[in-house]
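Residues per chain are reported as follows:
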Amino acid sequence: MAVLALVVLACAKPFVPVTDPLRIRVGTIDAGQLQASVSDVPDNNADRIERVTQLFQQAGCGSEYLEVTQHGATPYPNVICTLPGRSSYTIVVGANVDKPPDGKGIIDNWTGAAMLPHLYRSLAAAPREHSFLFIGFGHVLKDEQGSRGYLRRLGAEKRDRIRAMVSLKGLGLGPTSVWSTQADRNLRQDLFAVAKALGLQLDAVRFFKNVNTDSEAFLFWGIPSITVTSFDKSNARLLEQPVRDRDVSRIDLAAYYDSTRLLAHFLAYLDDTLRLREERKVAAPPPDAG
C-alpha cells in the first residue's frame, strides 16, 4: 500500500495580532489529568461515548449543558458540551469519538476526543463573548451522526451564527501542525500568531490523498474552519493503515500538552478577535459609489 503523500510546508509569517494572545485569560491545563484522559482508551465506540461524557462531567460541564444526541437507529451518538457566551454567536470545536474497525484509533481519533473536556475547562475560566460548542462527533463518515448530519439538522439560522469551526485530528505525535488545505486563511494566521506569542512550534502540512475531517462539512456551508493535527511525513502512514494505530506509547505527552495549551489560547484569542473583526466590519463606511 502506498504511503500517504504529505508535504510539510514552511511556517507562514505571522501577521500582527488583533489583540495580545497572552493577555486573554484561560484556565490552567492539568498535565496529570490530561495524561490520564488520553491514556485511558476504551476498546469500543459505546464505551468511548460514555468515557467522553464522563470527562466532560468531571471538567464541570453540568447536565443542563451536556447532551448525548441520538438520531435514528445509528449506534453513533454525538456528545455535545455547551459553554454559554454573552452573544448568540458560536465557535464549534470538534473531534471524532469513534474508532476504525481495525486498530484502536488512539492517535486518530482518541487524542482529539480526550482533549475536548480539557479545552472546555480552560475556556470556562473566564466569561466569553461567543458560546462554545465542544462536540465529540459519533462518526466521521455517517451522515446522520457525523458533522454533515449535525449541520443539516441545525438549520440555516443557527448555521449562520457559527463564526468558526476548529477540528482536532491526530494530535500528540509531535509538534502541532495546521492542515493548510483545510484551513481558512484568517484562522490559519490567527493560529500562527498565537503560537508565536506562546513560543510554540507550529508547522503547516498538506495532504494529497483523501483524508476525512469534520472541517470539510463546515467549509461546505461556508463556515470558516481549520483542522489542527500533528501528522507529518514521518507518521502519516497511521492515517492510511489504521491497524497500526494501537499503541499508547506513540503519544508524545509533552507535545500533546503543548498542543492543548496552544489550542486553549487560540480559542480564547478567537473569541476576542472574531468579535473585534465583526465590530470593525459593521463600523466600516460603505464603499464610495462614485
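It should be noted that the structure appears before, not after, this text.
Small disclaimer: the values here were computed from a predicted structure and weren't measured.

Trainee: Sorry, what's going on with the pairing of strand β4 (residues 90–96) here?
Mentor: Both faces of the sheet carry side chains from a regular strand, because those side chains alternate between them. Taken across its seven residues, β4 has seven buried, putting it largely inside the fold. Residues Thr 90, Val 92, Gly 94 and Asn 96 of β4 are buried on one face, and the alternating residues Ile 91, Val 93 and Ala 95, pointing to the opposite face, are buried as well. Here β4 pairs with strand β5 (residues 131–137) via seven bridges, running parallel. Residue Ile 91 lies in a different strand from β5, and its bridge partner there is Phe 132. As a crossover connection, the stretch from β4 through helix α3 (residues 106–123) into β5 is right-handed. In this sheet, strand β6 (residues 162–168) lies alongside β4 in parallel orientation, the contact comprising five bridges. The residue bridging Val 93 from the neighbouring strand is Val 166, located in β6.

Trainee: It is not clear to me how the pairing of strand β7 (residues 176–183) should be interpreted in this structure. Could you clarify?
Mentor: With seven of its eight residues buried, β7 lies for the most part within the structure. As defined by bridge partners, β7 adjoins strand β8 (residues 202–207) across four bridges and the pair is classed as parallel. Paired with Trp 179 across the two strands is Val 205, which belongs to β8. Of the crossover connections in this fold, the one passing from β7 over helix α6 (residues 185–198) to the parallel β8 is right-handed. Of the pairings in the sheet, the one linking β7 to strand β9 (residues 225–229) comprises three bridges and is antiparallel in character. Along β9, the bridge assignment pairs Ser 177 with Thr 229.

Trainee: Any chance you could explain the state of the cysteines here in plain terms?
Mentor: Two cysteines form a disulfide when their sulfur atoms are joined by a covalent bond. Using the criterion set out here, one finds one disulfide in the structure. The side chain of Cys 61 participates in a disulfide bridge whose partner is Cys 81; the two sulfur atoms lie 2.3 Å from each other. Between Cys 61 and Cys 81 the sulfur-sulfur dihedral comes to about 120 degrees; the bridge is accordingly right-handed. Of the two residues, Cys 61 sits in the loop between α2 (45–58) and β2 (66–69) while Cys 81 sits in strand β3 (residues 78–83), which places them 20 residues apart along the sequence. In this structure, Cys 61 and Cys 81 share a single accessibility class: buried.

Trainee: What's the story with α2 in this structure? I'm lost.
Mentor: Spacing of three or four residues puts side chains on the same side of an α-helix, whose turn is 3.6 residues. For α2, with 14 residues, the first-to-last C-alpha span of 20 Å sits near the 20 Å given by 1.5 Å per residue. If you check which residues of α2 are buried, you get Asn 45, Arg 48, Ile 49, Arg 51, Val 52, Thr 53, Leu 55 and Phe 56. Packing partners of the buried residues in α2 comprise α1 (31–39), β2, β3, α3 and β5. Where α2 terminates, the next one or two residues include Gly 60, which has phi positive at roughly 105 degrees.

Trainee: When you look at the packing of α1 against α3 in this model, what are you seeing that I'm missing?
Mentor: Each pair of packed helices can be described by the angle between their axes along with the distance between the axes. The geometry of α1 relative to α3 is characterised by a closest axis approach of 8 Å and an angle of 150 degrees between their N-to-C directions. Relative to α3, α1 is oriented so that their crossing is right-handed. In this structure, α1 contributes Gln 33, Leu 34, Ser 37 and Val 38 to the contact, and α3 contributes Trp 110, Thr 111, Ala 114, His 118 and Arg 121. In terms of residue class, the contact of α1 with α3 is made up of four nonpolar, four polar and one charged.

How each quantity is defined
- Residues numbered from 1 in each chain as written.
- Predicted model: local features only at pLDDT ≥ 70, side-chain atom pairs only at ≥ 80, totals over all residues.
- Heavy atoms only, no water.
- Buried < 20%, exposed > 50% of the residue type's maximum accessible area, 1.4 Å probe, protein only.
- Helix = DSSP H or I, 4+ residues; strand = E, 2+ residues; numbered from the N terminus.
- Pairing = 2+ DSSP bridges.
- Right-handed = clockwise from strand over helix to strand, strands pointing away.
- Disulfide = S-S within 2.5 Å.
- Expected span 1.5 Å × (residues − 1).
- Contact = heavy atoms within 4.5 Å.
- Axes fitted to C-alpha atoms, helices over the stretch in contact; angles between N-to-C directions.
- Left-handed = near helix turned anticlockwise from the far one by under 90°.
- Nonpolar A, V, L, I, M, F, W, Y, C, P; charged D, E, K, R; others polar.

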